[in-house]
Amino acid sequence: MSNRGAGEGTRPTIAGPEDVRRAIESLSEADFVKLERYAGARVSALGAHAGANTGTDLLQEAFLALLEERRHWRPDRVDFMGQLIGSMKSIANAWKRKGEGGRVEKAERHFRRTGEEGEELETPISLASDSQPNAEEQLLLKVSITQEEFLAELAEMFSDDLLAELALEGWREGMSGPELIAKIDEFTEKTFASTVRRIRRRITKRWPGGIPNVR
Amino acid sequence: MSGKKPDSRAEIERILDHLAESIESAPPEELLEEAKKAGADTKKIAEGTKERLLSALKRFEQQPLQRARQRYRSNLADIEGRNQKIADTPASRREQFLSLLTRNPVLGRKLTMQHRDLEELNDEDITSALEELDILGALDDESGPPDE
């Protein structure tokens, strides 16, 4: 672990490339799936503000921010998963703000440059070729549904589940989990948590490759 | 869901935000199980994600090497460019050199002070002088080396 920025004799805090490599190697299949699903969900939530960016782009941006120390990873404070997820959340929020301001953020891969011999120049970021959407993502990029269709799908999906309907309705209206638990008698922390799990599972089952673009 | 007419994008974004948050707080094993049950190829997803991260790390670590390569190529192009500005034969190099001094009297005076007699300079001295003058940009104004 490097001690960049730390004074002599102080405990190293900021992770370097070797720490990052060890952290990647230590992740389980479940961890990678979580990163991929979270990235996809965050980009779905961005809607049009995501532009051409995919979940893969978001994860790559977060990872790049860590490597370039634009967002420092301090392993003594947060684990690798927490760092990447927190970073993705923050980057997605920044993209959203820019989108709301009329600008669509483009991930680094969209600025890829090559030299005269076709070699990839090292800036802006050579992560590009690896952040191209995979086959599943490309398919997903082509799939989009309207807002009406999306909400109709949800309504149909949960027509037999009153609690899920209530939770979704509350979310639509801007209520948080604790607010729903406080306001709706049927919800306790436990029933609300299990309801959210059911919602997530059914949506995952309906769209295993990720939620399509809602236009 | 109620039969309320679907309206703003903001409502959908809020739903999707909550879904993302539920993924954030869920244990990875639970998400893995869900994805498997939904028919996703989780092994492939995990391998692909891992590969992309490791590849990005490798590229990041290779940046200094890439920068050095770029510098090398750039320097090489500069050297090749310079050589094209310097004439090919000793006689034409001498002609180019003297022509340059004729057009730059100040430079000529300085070199005369250093070497006393410019006519005594051999080809190696002249080539070396032309290379140095080129680095200083003195050959940039020339249309090229004299015709052979």
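All residue numbers refer to positions counted from 1 along the written sequence of the respective chain. Going through the entries in the order they are written, you letter the chains from A and number the ligands from 1. In view of the model being predicted, local features appear only for residues whose pLDDT reaches at least 70, and side-chain atom pairs are presented and counted only at 80 or more, with totals across whole chains, interfaces and linings using the full set of residues. Only hydrogens and water are set aside; all other atoms, that is, all heavy atoms of the structure, feed into the side-chain values.

A word on the overall build of chain A
Operational definition: The helix count covers DSSP runs of H or I at least four residues long, the strand count covers runs of E at least two residues long, and both are numbered beginning at the N terminus. Throughout, exposure labels follow a simple rule: accessible area from a 1.4 Å probe, protein chains only, divided by the maximum for the residue type, with under 20% read as buried, over 50% as exposed, and the rest as partly exposed. For this analysis, residues touch if any pair of their heavy atoms sits within 4.5 Å.
Summing up its helical and strand segments, chain A has 9 helices and 2 strands in all. Shown N-terminal to C-terminal, the secondary structure of chain A runs as helices and strands in the order α-α-α-α-α-β-α-α-α-α-β. The burial tally for chain A puts 48% of its 215 residues in the buried class. In chain A, 59% of the contacts between residues at least 6 apart in sequence involve partners at least 24 apart.

A few points about the pattern of salt bridges
Put simply, the rule is: By salt bridge we mean one thing: a side-chain nitrogen of Lys or Arg within 4 Å of a carboxyl oxygen of Asp or Glu.
One pass over the full model with this rule turns up 18 salt bridges over all chains. Note that R70 of chain A and E68 of chain A form a salt bridge whose closest N and O atoms lie 2.9 Å from each other. Linking R201 of chain A and E34 of chain B is a salt bridge whose minimum nitrogen-to-oxygen distance equals 3.5 Å. On the criterion of chain membership, the pair formed by R201 of chain A in helix α9 (residues 189–206) and E34 of chain B in helix α2 (residues 28–37) is interchain, its members lying in two chains. When its relative accessible area of 41% is taken as the criterion, R201 of chain A is described as partly exposed. Via salt bridges that share partners, R37, R200 and R201 of chain A together with E30 and E34 of chain B belong to a single interconnected network.

Some words on unusual backbone geometry
Even without being glycine, E69 of chain A reaches a positive phi, approximately 60°. Tracing the backbone shows E69 of chain A in the loop between α3 (55–67) and α4 (80–100).

Details of the confidence of the model for chain A
Residues and elements named next belong to chain A. Rules: The quantity called pLDDT is the predictor's confidence in a given residue, expressed from 0 to 100.
Summarising the model, chain A shows a mean pLDDT of 82, and 75% of its residues fall at 70 or more. Mean pLDDT across the secondary structure elements of chain A bottoms out at helix α5 (residues 135–142), with 51, and peaks at helix α7 (residues 162–172), with 96. Across residues 4–9, confidence stays below pLDDT 50; counting only partners more than four residues off in sequence or on other chains, it has 6 contacts. The low-confidence segment residues 111–131, where pLDDT is below 50, has 51 contacts with residues more than four positions distant or belonging to other chains.

Observations concerning helix α5 (residues 90–103) of chain B
In plain terms, the rule: Here the expected span of a helix is defined as 1.5 Å times the quantity of residues minus one.
Given a rise of 1.5 Å per residue, 14 residues ought to cover 20 Å, and the 20 Å separating the end C-alpha atoms of α5 of chain B matches this to within 8%. Buried within α5 of chain B we find S92, R93, Q96, F97, L100 and L101 of chain B.

With respect to the packing of helix α2 (residues 29–46) of chain A against α4 of chain A
Residue and element names in this part refer to chain A. Put simply, the rule reads: Here an axis means a line fitted to C-alpha atoms, over the contact stretch when the element is a helix, while the angle between two N-to-C directions is reported on a 0 to 180 degree scale. Convention used here: angles under 35 degrees read as roughly parallel, angles over 145 as roughly antiparallel, angles from 65 to 115 as roughly perpendicular, and any remaining angle as oblique. Three classes are used: nonpolar for Ala, Val, Leu, Ile, Met, Phe, Trp, Tyr, Cys and Pro, charged for Asp, Glu, Lys and Arg, and polar for all others, with Gly counted as polar.
Two numbers describe how α2 lies on α4: the axes approach to 10 Å, and their chain directions differ by 10°. Comparing the axis directions of α2 and α4 gives the class roughly parallel. Contacts between α2 and α4 pair D31, K34, L35, Y38, A39, R42 and L46 from the former with M81, L84, I85, M88, K89, A92, W95 and K96 from the latter. Its residues assigned to classes, the contact of α2 with α4 comprises 10 nonpolar, no polar and 5 charged.

As for the interface of chain B and chain A
Size of an interface, as often reported, equals the accessible area lost when the parts are brought together. To keep things clear, this is the line we draw: Here a polar contact means two N or O atoms within 3.5 Å. Within protein one must be a hydrogen donor candidate and the other an acceptor candidate, and residues neighboring in sequence count only if both atoms are side-chain atoms.
On the side of chain A, 70 residues touch chain B, which itself brings 55 residues to the contact. Remark: the boundary between chain B and chain A carries 10 salt bridges. Where chain B packs against chain A, one counts 20 residue pairs in polar contact (both at pLDDT 80 or more). Broken down by secondary-structure element, the contributors of at least two residues to the side of chain B that touches chain A are α1 (9–25), α2, α3 (42–61) and α4 (63–85) of chain B. By residue class, the composition of the side of chain B that touches chain A is 22 nonpolar, 11 polar and 22 charged.

Side note on the packing of α2 of chain A against α1 of chain B
This is how the line gets drawn: Here a crossing is taken to be left-handed if its near helix is turned anticlockwise relative to the far helix by less than a right angle, and right-handed if that turn runs clockwise.
The N-to-C vectors of α2 of chain A and α1 of chain B enclose an angle of 165°; their axes lie 8 Å apart at closest approach. In terms of axis orientation, α2 of chain A runs roughly antiparallel to α1 of chain B. Where α2 of chain A crosses over α1 of chain B, the two elements pack in a sense that is left-handed. Note on element contacts: α1 of chain B touches α2 of chain A through R9, E13, L16, D17, A20, E21, I23, E24 and S25 of chain B, opposite K34, R37, Y38, A41, R42, S44, A45 and L46 of chain A. The residue inventory of the contact of α2 of chain A with α1 of chain B, partitioned by class, reads 7 nonpolar, 2 polar and 8 charged.

Side note on the packing of aromatic side chains
Residues and elements named next belong to chain A. Our working definition: Pairing of aromatic side chains here covers Phe, Tyr and the six-membered ring of Trp, requires ring centres within 6.5 Å, and sorts the geometry by plane angle: under 30 degrees stacked, over 60 edge-to-face, intermediate tilted.
Considering all chains together, one arrives at 4 aromatic pairs over all chains under this definition. Measuring from ring centre to ring centre gives 5.6 Å for F150 and W207, while their planes differ by 25°; the resulting arrangement is stacked. Here W207 lies in the loop between α9 and β2 (213–214) and F150 lies in helix α6 (residues 147–157), a separation of 57 residues in the sequence. When sorted by exposure, F150 lands in the same class as W207, which is buried.

Overview of the environment of E36 of chain A
Of note, E36 of chain A is situated in helix α2. In the structure, E36 of chain A is positioned 19 residues away from G55 of chain A in sequence and 6.9 Å away in space, judged by C-alpha atoms. Ignoring anything within four residues of it in the chain, the contact list for E36 of chain A reads I45 and T49 of chain B.

Describing the confidence of the model for chain B
Regions with low pLDDT should not have their predicted coordinates read in detail. All names here are of chain B. Taken over all residues, the pLDDT of chain B has a mean of 81, while the share at 70 or more is 80%. Looking at the elements of chain B, mean pLDDT is at its lowest for helix α6 (residues 105–115), recorded as 69, and at its highest for α2, recorded as 96. Scored as a complex, the prediction yields pTM 0.67 and ipTM 0.79.

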